[in-house]
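Here are the chains, one letter per residue:
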Protein chains: 4
Amino acid sequence: MIEITAVGGYSEVGRNMTAVKIGNDVVVLDIGLHMENYVHVSNDEDIVKISAEDLLASDSVPRIETISDWADKVRLIIPSHAHLDHVGGIPYLAGRYNADILATPFTSAVLKNILTEEKLRIRNHIRTLNVNAVYQQSDEVKVEFINITHSTPQSIIVALHTKQGTILYANDFKFDLYPTIGKKPDFEKLRQLGQKGVLALIMDSTYAGLRQKMPSESVARQMLKDVLLGTDNRNKAIIVTTFASHIARLKSIVEFGSKLNRKIVFLGRSLAKYASAAEKTGIASFSKDVEIVKYSSKIKRRLKKIMKEGKEKYVLVVTGHQGEPASTLYKMANNQFDFKFTAGDHIIFSCRVIPTSTNIANRENIEKLLNRQGARLFRDIHTSGHSAREDHREMIELVKPKHIIPAHGPLEMTSKMAELAYEMGYKRENVHLMKNGQRISLE
Amino acid sequence: MIEITAVGGYSEVGRNMTAVKIGNDVVVLDIGLHMENYVHVSNDEDIVKISAEDLLASDSVPRIETISDWADKVRLIIPSHAHLDHVGGIPYLAGRYNADILATPFTSAVLKNILTEEKLRIRNHIRTLNVNAVYQQSDEVKVEFINITHSTPQSIIVALHTKQGTILYANDFKFDLYPTIGKKPDFEKLRQLGQKGVLALIMDSTYAGLRQKMPSESVARQMLKDVLLGTDNRNKAIIVTTFASHIARLKSIVEFGSKLNRKIVFLGRSLAKYASAAEKTGIASFSKDVEIVKYSSKIKRRLKKIMKEGKEKYVLVVTGHQGEPASTLYKMANNQFDFKFTAGDHIIFSCRVIPTSTNIANRENIEKLLNRQGARLFRDIHTSGHSAREDHREMIELVKPKHIIPAHGPLEMTSKMAELAYEMGYKRENVHLMKNGQRISLE
Amino acid sequence: MIEITAVGGYSEVGRNMTAVKIGNDVVVLDIGLHMENYVHVSNDEDIVKISAEDLLASDSVPRIETISDWADKVRLIIPSHAHLDHVGGIPYLAGRYNADILATPFTSAVLKNILTEEKLRIRNHIRTLNVNAVYQQSDEVKVEFINITHSTPQSIIVALHTKQGTILYANDFKFDLYPTIGKKPDFEKLRQLGQKGVLALIMDSTYAGLRQKMPSESVARQMLKDVLLGTDNRNKAIIVTTFASHIARLKSIVEFGSKLNRKIVFLGRSLAKYASAAEKTGIASFSKDVEIVKYSSKIKRRLKKIMKEGKEKYVLVVTGHQGEPASTLYKMANNQFDFKFTAGDHIIFSCRVIPTSTNIANRENIEKLLNRQGARLFRDIHTSGHSAREDHREMIELVKPKHIIPAHGPLEMTSKMAELAYEMGYKRENVHLMKNGQRISLE
Amino acid sequence: MIEITAVGGYSEVGRNMTAVKIGNDVVVLDIGLHMENYVHVSNDEDIVKISAEDLLASDSVPRIETISDWADKVRLIIPSHAHLDHVGGIPYLAGRYNADILATPFTSAVLKNILTEEKLRIRNHIRTLNVNAVYQQSDEVKVEFINITHSTPQSIIVALHTKQGTILYANDFKFDLYPTIGKKPDFEKLRQLGQKGVLALIMDSTYAGLRQKMPSESVARQMLKDVLLGTDNRNKAIIVTTFASHIARLKSIVEFGSKLNRKIVFLGRSLAKYASAAEKTGIASFSKDVEIVKYSSKIKRRLKKIMKEGKEKYVLVVTGHQGEPASTLYKMANNQFDFKFTAGDHIIFSCRVIPTSTNIANRENIEKLLNRQGARLFRDIHTSGHSAREDHREMIELVKPKHIIPAHGPLEMTSKMAELAYEMGYKRENVHLMKNGQRISLE
């Protein structure tokens, strides 16, 4: 019998964690942060010193007490990709389990960078497994990493092959046939698994209600080209902000920035963290084209120099796409750095506002500050890394799972995935709408 | 003294019409339909027999009585482009003026097609003026057509050169540096006019509140490629619906459709109308790649044949992107044709829902019908043809008008343009928020 | 074993129907219409001739094929109240079952009025059971009608007492402690049932996400007083539109209308239908204060006379609160009657827009017509008849059901009720999120 | 010639200030705070020490530099009522003018309380003028205070009687015919002024787009009764939060609270401030029924005692209706006080969320904290103090102003009032859409 506990991310978007019990082995998939709650307990981008207890009390990490009866059986912790809502709880909670961590090279590198950065230590061994490779955990469980596209490199679908069948964890993913870095999704592998028989599919439901195929990253790249090369930005600053983890996007920014004959500088701690991980794992080599400045004190000095040399000679890539008060962009806008905006400076938000009320308020606030100083805003230069309903449909058709477990959101989101499953002929007993803390048995 | 009357399109989106009086000459810019009101008085796609009086009573055309004192001075009627909300009232109202019509070859061709189609006649002479050409109307007025990008070919900014200065009518336009057909906007010409002195700029304010540059048509093209070539559509019908007037989009559809080795058929009256105008004016030559079927009776027969031959051998391009009950797609969805949907058929909406309550209701209804038959919907494969706030800013900087007259919407939209103008340093007396029926004098 | 099938109203708002199988007896609770789909197949307020097949094909009634295996076991059909989305399918579908209909006097009277009106016949016997009375159906099932408040009189919670426990059907209800007609909810009875043990509660989830207690009808009454007696309506027409079934609201309108010393006339078929049912069952005696005009032809004549006598002498209560094109108000607005609006006439919408896209479009259209004629609109003079989250919580605490089955909406609505149940400590196996056509077994 | 400068509140909701120049006299109407910006520069409810410069730099008060050329002509500063967005800037900016302050007794008392509280001093003399009284400022200007209803006591319409005609400042107001304290609006006076001739009406446009009459305070009172007396709150805490300035609402809360036989305590600085002003001016005598606790330290102690005695014996009225982090409710929710919530405690929000992104985020956050502790939320027990479109229409009909100046919001709001004026036959030259810093001359 296989049991699955929805530990986190089933009652909210964020702090993802799912535990799968196969015989006497428990595999934990993701231990993520709830970014909004986490930001309420942390404050400055430079200094973070938070305990696991703080995080648990503020619902910033999954409520692991719901698997306390399984605690001594956890053998493996697998972060599916390098986003903080999937990997960010590991530094705080992994140590509670006597279990290795298994991740792709990029995800491992990001995790190690976080640990170094936050001066945290964990006793768990971090094992690296390549995309499309296999790891034999025990007689009961074999783990396979299946290549998939998402908004950060080396994102994978985790396959847990068991005697009772395969469990697929596809949280998060996108079907991008025109990715700008990395390979296309491994459709052939998914089809083969479907033919052999998939017991359960745990799947990202963020946009299960959106009647679309999620547009390719190549669309965002074309938007970026349009806005960087197709507007009148002579003699103006160009400041771009995007997800630090989105290496593909950063590469496009660097490429178009170079065409403008401007010097490119990354300013911000999280940009440095992800860029370095990309560098270490051979995914990108920013260091030859880009100067990377990590800490606030150095950023302050660098911006002073930029102002002296002429800000129109630069493309500045900064943290702060959601208007976070601790970010580089916020501090620039709020005059905490010696940067002066001039009417007509370009601010490119290569992201969308992640629609939480805190982000909306922060973005409104930063935009107000920027507008007051005459900046021009270019918003929504972006396509999402999440699949939409028509991608979900293709996934279900490919892998033909017996059971579907919608994940990555509260019931109002996951119920959209359930409706898709019912529409495709699934029966009530094979579709499992879960909430944090709930557990089901299969077979 | 120059006087300007906001005849239509200043209290709503639609039925655009602006009258400019220069000495004793009045030039009318656009006479458009209000599509939603128009649809309430018309019914079937095949049969239309409506009088000017019906249209006036239902607010489907501009209330021309507000310039009745100018009626005998109207010398010229200039539709700025071929969209019905700019050109569609001409067949009904132009005859009330002893004035020529001046339009680009494509717009002229569309206008003539409408007249033939609707079995209407007008006494006005239709003169054709090429993009970037000049027409001397009188001592007082010289007309120039300035090349601009929009979502239908040969869209122009109309320049009225007068002794008091130039009046620019930029309603509608987009600054697209990567257009997929036609030339880029003529920035150099706009800059020159700005240097000579522009008296007034009448400008499309639809998205004046949107803090963006409107993405290029090349972005929509990439989205279309993604959805046509990047989804699993083997053995399924592919049905695409888009704006009939959007020749660039249609060309992209045809191109990607050809790569799928499917036969491409256009089904619907308005598609035929615009495709033929594009053909006549050398903009596109659909007839070699595409079969075009115009009338409902023939569409019915053709679809029957398609069902027999195998719908998976076709890409069908149809009218009905807003769910209009008289459209081809609606009749297919509602089983008025002998077309049978199969689970998994692809319906691609290469448009967005124009957000009127009628369209929203129609689209919801057609989508419900399509879903019930198992079709897969791909929505919002689109970028708009309208400029957004950052494009407006560039336009104002380029042409440096003395006066700004925001157009193409009610006060809640046009006031966003006024705010931009104030933000750029304009004074209250140079920004003219107008409502239908209001008149201002300049100098 | 008790089995429950969610026949209708679990995938949409409308066409409610739930079937409960107790041993060999099936009790059907409600057979309602889906109003929006129904309106698509019907057209004129005066003439309706639709078959059950039309209604089934258009999803206007529940898909009863999902209980075709139970068809010969249906013993009783119980409409919980007189709204069409609960009772309106009975004239078309009840005849398929060899079963009596059991309803309160008012609901029975409405049902009979519909049958007469539509010239329909059903073979089923209509039995009348008073509120708070008990009916012994068989050894297996005893039916009890529990008094509850809602927006139409004699609404009940149906209790099915079985050997396995009691099943409560509370769909729709409101906890109104200050009702303007009828009694308060029978809290004591509910508490007693809770103490004895309720097996399952099937409950209206429309507003399960709304963190409120739904305001009392006495609040709407105060709003109505404010707008009828507290605005300057001298010499102006006063036209009020509300739900025809909302007898309490109608009584308030009549009462305040009388204070204005105006003659009150009800104009419209559905108003007549419900008013007559209220009269027959002694709930209201409109006929002494109000003139009721039913059919279009007579309404036309009456309005002509009203115009002659002076419309400022009347309060006209009309159908058309959702802007329905077949309603009296629409025909008045659209000049199909000989009624002339004058600037400043009062139109009071004592309702809210039921938020379907069709209603929104219809309301926008009728409001546009009314505005064009200078009428003053007073919208949203209303409180809902549905319970909200804090009412649901009280209900659950009162009756302490073992199982909860959220009803009256798609999963995105019912999942809000599930969340409430989980919040209150319910376990996953006792909360049943269902979709149309699904069946569960209890015990 | 009369000149009017829109100093603040014409580009945003908040920081209201209008300056009227009559000959050599300038009268300033309101000097308010922009609450959201103000909160960004202040922090704790107990400690505030902000300079005028801070407030100006952060756009928390009107940009008075736009009337710097009039500075030495300002004779009178008149706050129209006691809300902080109208009166809150006076402590910081009034001193810049050699001018008296003229206000009703209640508004004066509030102003004095603020000065004491914030330990601020101003050199201006505060004159008190009763509602419906007249003050002769000079030969040029006579000031009259006209009684009107709003959501705080002794709100007035300011009439400036000049040789060129009367200027009415009706910002904010409501037409409430069933007020729960104070008198009805003085319609007769308004009608008389209209007959004599009103030159200009400056009017609150907040809800000019809302097609309604704003419901009376008596409606909110009924809602409050319903929720306080009509829910099961035995053995539970009852905590109510509302606008501190809303004395009528507070009186209703106290009245219904008393019926519950609970002790009533007001907890929070701003509640104390307004309650004391009401007491001093004889509007309410809370002190006999209510215990008022002002400062955080005392609140902490009082809550501890309440917990000991049994919180179910109290109705606690607290600050924090918008979730403000410095408020009593927030500190209770966030466990900064020794108050413990128990599942089922009642929290009544007798307000609506003022829809700024900061408020929305704060409310979501406080509600999340409260939900986590099991509290029951009762939201939106409220009617607004602002007039809606149908009230505006009555106002315009009553006073028949020559000029209309929509106030209290950005162009997208004020343009709705302009549309109403145009609909009522006003010409473009008599309707003045203004933005902060703009100035117009009348006649």
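Going along each chain's sequence as written, the residues are numbered from 1 onward. Whichever chain is written first is A, and whichever ligand is written first is 1; the rest continue in order. Thresholds applied to this predicted model are a pLDDT of at least 70 for local features of residues and 80 or more for the giving and counting of side-chain atom pairs; totals over whole chains, interfaces and linings are not thresholded and use all residues. Hydrogen atoms and water are omitted, and side-chain values are computed over all heavy atoms in the structure.

1. Things to note about the overall build of chain A
Okay, step 1: Numbering of helices and strands starts at the N terminus; helices are DSSP runs of H or I of at least 4 residues and strands are runs of E of at least 2. If you tally the helices and strands in chain A, you get 14 helices and 19 strands.
Okay, step 2: Since a compact globule built from 443 residues should have a radius of gyration of about 22 Å, the 22 Å found for chain A is in line with a globular shape.
Okay, step 3: Viewed in the frame of its principal axes, chain A has a C-alpha envelope of about 70 × 40 × 35 Å.
Okay, step 4: Three labels apply to residues, based on accessible area from a 1.4 Å probe with only protein chains included: buried if under 20% of the type maximum, exposed if over 50%, partly exposed otherwise in between. Expressed as a percentage of its 443 residues, the buried residues of chain A come to 67%.
Okay, step 5: Summarising the internal contacts of chain A: among those between residues at least 6 apart in sequence, 75% fall at separations of at least 24.
Okay, step 6: Carbon and sulfur atoms make up 49% of the accessible area of chain A, which totals about 14900 Å². Here the globule rule reads 2.2 Å times residues to the power 0.38, and the radius of gyration is calculated from C-alpha atoms. In what follows, a contact means two residues having at least one pair of non-hydrogen atoms within 4.5 Å. Here, Shrake-Rupley sampling with a 1.4 Å probe gives the accessible areas, and only protein chains in the shown set may cover a residue.

2. Some words on the domain arrangement of chain A
By a widespread convention, an interface's size corresponds to the accessible area lost as its parts come together.
Residues and elements named next belong to chain A.
Okay, step 1: Here the limits of each domain have been adopted from an automatic or database domain assignment. Here chain A is partitioned into domain 1 (2-213 + 385-442) and domain 2 (217-378).
Okay, step 2: Computed over C-alpha atoms, the centres of domain 1 and domain 2 are 30 Å apart.
Okay, step 3: Facing 28 residues of domain 1, the contacting portion of domain 2 comprises 32 residues.
Okay, step 4: Put simply, a salt bridge is a Lys or Arg side-chain nitrogen that is within 4 Å of an Asp or Glu carboxyl oxygen. Close ionic contact of glutamate 117 with arginine 269 constitutes a salt bridge, the shortest N to O distance being 3.5 Å.

3. Overview of the pairing of strand S5 (residues 100-103) of chain D
Within a regular strand, side chains alternate between the sheet's two faces.
All names here are of chain D.
Okay, step 1: DSSP calls a pair of strands paired once it identifies at least 2 bridges connecting them. As defined by bridge partners, strand S4 (residues 74-78) adjoins S5 across 2 bridges and the pair is classed as parallel. Counterpart to leucine 76 in the pairing with S5 is aspartate 100.
Okay, step 2: The pairing of S5 with strand S6 (residues 126-128) spans 3 bridges and is parallel. The residue bridging leucine 102 from the neighbouring strand is arginine 127, located in S6.
Okay, step 3: For the segment spanning S5, helix H5 (residues 105-118) and S6, crossover handedness is right-handed. Looking down the strands as they point away from you, a crossover is right-handed if its path from the first strand over the helix to the second goes clockwise.

4. Some remarks on the sheet that holds strand S17 (residues 376-378) of chain D
Residue and element names in this part refer to chain D.
Okay, step 1: On the basis of which strands lie adjacent, the open sheet formed by 6 strands has the order S14-S13-S15-S12-S16-S17 and parallel pairing. In this open sheet, the two edge strands, each paired with only one partner strand, are strand S14 (290-293) and S17. Going across the sheet, the axis of each strand differs from the next one's by a mean of 20°, ignoring polarity. Working convention: axes come from line fits to C-alpha atoms, limited for helices to the stretch in contact. Angles between N-to-C directions cover 0 to 180 degrees.

5. A short note on the packing of helix H13 (residues 389-399) of chain C against helix H14 (residues 411-423) of chain C
Residue and element names in this part refer to chain C.
Okay, step 1: Direction vectors running N to C along H13 and H14 enclose 50°, while the axes themselves pass 11 Å from each other. Compared by their axis directions, H13 and H14 come out oblique. The handedness of the crossing between H13 and H14 is right-handed. On H14, the residues that touch Arg389, His392, Arg393 and Ile396 of H13 are Lys416, Met417, Glu419, Leu420 and Glu423.
Okay, step 2: Considering only residue class, the contact of H13 with H14 consists of 3 nonpolar, 1 polar and 5 charged. With respect to orientation, any angle under 35 degrees is reported as roughly parallel, any angle over 145 as roughly antiparallel, any angle of 65 to 115 as roughly perpendicular, and every other angle as oblique. By convention the crossing between two helices is left-handed if the near helix lies anticlockwise of the far one by an angle smaller than a right angle, and right-handed if it lies clockwise. Under this grouping Gly is polar, as are all residues other than the nonpolar Ala, Val, Leu, Ile, Met, Phe, Trp, Tyr, Cys and Pro and the charged Asp, Glu, Lys and Arg.

6. Describing the relation of the copies chain D and chain A
Okay, step 1: For the pair chain D and chain A, the relating rotation is 180°, the translation along its axis is 0.0 Å, and the fit reaches an RMSD of 0.0 Å. Viewed as a symmetry operation, the transformation between the two copies matches a two-fold axis. For this overlay, a least-squares fit was computed on C-alpha atoms, restricted to residues scoring pLDDT of at least 70 in both copies.

7. A word on the pairing of strand S11 (residues 198-204) of chain C
Residues and elements named next belong to chain C.
Okay, step 1: Of all 7 residues in S11, 7 are buried; the element is thus mostly enclosed.
Okay, step 2: Both strand S10 (residues 165-170) and S11 contribute to a ladder of 5 bridges, which runs parallel. Residue pairing for S11: isoleucine 167 is matched across the bridge by alanine 200.

8. Considerations on the interface of chain C and chain D
Okay, step 1: The interface of chain C with chain D comprises 32 residues on the first partner and 32 residues on the second.
Okay, step 2: Using a 1.4 Å probe, buried area is obtained as the accessible area two parts lose upon being combined, added over both of them. Summed over both partners, the interface of chain C with chain D comes to about 2900 Å²; 51% of that surface belongs to carbon and sulfur atoms.
Okay, step 3: It is C:Tyr178, C:Arg211 and C:Asp226 in chain C that bury the most area against chain D; as a group they hold 21% of the surface buried on that side.
Okay, step 4: The salt bridge partner of C:Arg376 is D:Glu394, with a shortest N-O separation of 3.2 Å.
Okay, step 5: Any N or O atom pair separated by 3.5 Å or less is treated as a polar contact, with the protein-specific requirement of one donor-capable and one acceptor-capable atom, and with residues adjacent in sequence counted only for side-chain atom pairs. Along the contact surface separating chain C from chain D lie 14 residue pairs in polar contact (both at pLDDT 80 or more).
Okay, step 6: Listed by contribution, the elements that provide at least two residues to the side of chain C that touches chain D are helix H7 (217-229), helix H12 (357-372), strand S17 (376-378) and H13 of chain C.
Okay, step 7: Here the element with the most residues in the side of chain C that touches chain D is H7(C); it accounts for 8 residues.

9. A look at the relation of the copies chain C and chain D
Okay, step 1: Aligned on chain D, chain C shows an RMSD of 0.0 Å; the corresponding rotation is 180° and the shift along the axis is 0.0 Å.
Okay, step 2: Comparing interface residues between copies, 100% of those in chain C also sit at the interface in chain D, which points to an isologous, same-surface contact.

10. Some points on helix H8 (residues 247-259) of chain C
Residue and element names in this part refer to chain C.
Okay, step 1: Here, expected helix span is obtained from the residue count minus one, scaled by 1.5 Å. Between its first and last C-alpha, H8 extends 19 Å over 13 residues, near the 18 Å set by a 1.5 Å rise per residue.
Okay, step 2: For H8, every residue scored as buried is listed here: Ile247, Ala248, Arg249, Leu250, Ser252, Ile253, Val254, Phe256 and Gly257.
Okay, step 3: At the exit of H8 stands asparagine 261, carrying a positive phi of roughly 55°.

11. Topic: the interface of chain D and chain A
Okay, step 1: Each partner contributes residues to the interface: chain D has 15 residues there, and chain A has 15 residues.
Okay, step 2: Summed over both sides, the interface of chain D with chain A buries roughly 1000 Å², with 34% coming from carbon and sulfur.
Okay, step 3: One salt bridge connects D:Asp59 with A:Arg372, and the closest N-O pair in it is separated by 3.1 Å.
Okay, step 4: The tally of links from chain D across to chain A stands at 6 residue pairs in polar contact (both at pLDDT 80 or more).
Okay, step 5: Those elements that place two or more of their residues in the side of chain D that touches chain A are helix H1 (35-41) and helix H12 (357-372) of chain D.
Okay, step 6: Counting residues per element, the side of chain D that touches chain A draws most heavily on H12(D), which supplies 8 residues.
Okay, step 7: The residue inventory of the side of chain D that touches chain A, partitioned by class, reads 3 nonpolar, 7 polar and 5 charged.

12. Digging into helix H7 (residues 217-229) of chain A
Okay, step 1: In this model, H7(A) (13 residues) spans 18 Å end to end at C-alpha, consistent with the 18 Å of a helix rising 1.5 Å per residue.
Okay, step 2: Restricting attention to buried positions, one finds in H7(A) the residues A:Glu217, A:Ser218, A:Val219, A:Ala220, A:Gln222, A:Met223, A:Leu224, A:Asp226, A:Val227 and A:Leu228.

13. Re empty space enclosed by the protein
Okay, step 1: The distinction between a cavity and a pocket rests on a 1 Å grid over the protein atoms alone: a 1.4 Å probe fits inside a cavity but cannot get out, while a pocket stays open yet meets protein on both sides within 12 Å along at least five of seven lines, and a residue with an atom within 4 Å of a point counts as lining. Grid points are joined across faces, edges and corners, and a volume is the space filled by probe spheres set on the points. The full count for this structure, using the stated rule, is 3 cavities of 30 Å³ or more.
Okay, step 2: If you list the elements that add at least two residues to the lining of the largest cavity, you get helix H1 (35-41) and helix H12 (357-372) of chain B together with H12 of chain C.
Okay, step 3: Per element, the largest residue contribution to the lining of the largest cavity is 4 residues, and it comes from H12(C).
Okay, step 4: Of the residues assigned to the lining of the largest cavity, the class counts are 1 nonpolar, 5 polar and 3 charged.

14. Comments concerning the environment of C:Asp25
Residue and element names in this part refer to chain C.
Okay, step 1: Topologically, aspartate 25 is positioned in strand S3 (residues 25-29).
Okay, step 2: Considering only alpha carbons, one finds aspartate 25 and lysine 73, 48 residues apart in sequence, at a separation of 5.5 Å.
Okay, step 3: Those residues in contact with aspartate 25 that sit more than four places away from it in its chain are Val20, Lys73, Arg75, Gln137, Ser138, Glu140 and Val141.
Okay, step 4: A distance of 3.1 Å separates polar atoms of two side chains, one belonging to aspartate 25 and the other to arginine 75.

15. A look at the sheet that holds strand S18 (residues 401-407) of chain D
All names here are of chain D.
Okay, step 1: Taken in spatial order, the 6 strands of this open sheet run S7-S8-S9-S10-S11-S18, and their pairing is mixed. Here the strands that pair on one side only, and so sit at the sheet edges, are strand S7 (134-136) and S18. For this sheet, the mean inter-axis angle between neighbouring strands, taken without regard to orientation, is 15°.
Okay, step 2: In the sheet, strand S8 (residues 142-147) pairs with strand S9 (residues 156-162) via 6 bridges, with the strands oriented antiparallel. Its bridge partner lying in S9, asparagine 147 is registered against isoleucine 156.
Okay, step 3: Strands S9, strand S10 (165-170), strand S11 (198-204) and S18 of the sheet are contacted by helix H13 (residues 389-399), whose axis makes an angle of about 165° with S11.

16. Let's talk about the pattern of salt bridges
Okay, step 1: Applying the stated rule across the entire model yields 128 salt bridges over all chains.
Okay, step 2: Where A:Arg191 meets A:Glu188, a salt bridge forms, and the shortest distance between an N and an O atom there is 3.0 Å. You can see A:Arg191 and its partner A:Glu188 sitting in helix H6 (residues 187-196), 3 residues apart, about one turn around the helix.
Okay, step 3: On the accessibility criterion, A:Arg191 (28% relative accessible area) is partly exposed.
Okay, step 4: Looking at A:Glu188, the relative accessible area reads 42%, which means it is partly exposed.
Okay, step 5: With a closest N to O distance of 3.2 Å, B:Asp25 and B:Arg75 form a salt bridge. One end of the pair, B:Asp25, is in strand S3 (residues 25-29); the other, B:Arg75, is in strand S4 (residues 74-78), with 50 residues separating them in the sequence.
Okay, step 6: Under the relative-accessibility criterion, B:Asp25 is labelled buried at 9%.
Okay, step 7: Salt bridges linked by common partners bring A:Arg376, B:Arg389, B:Glu390, B:Arg393, B:Glu394 and B:Glu423 together as one network.

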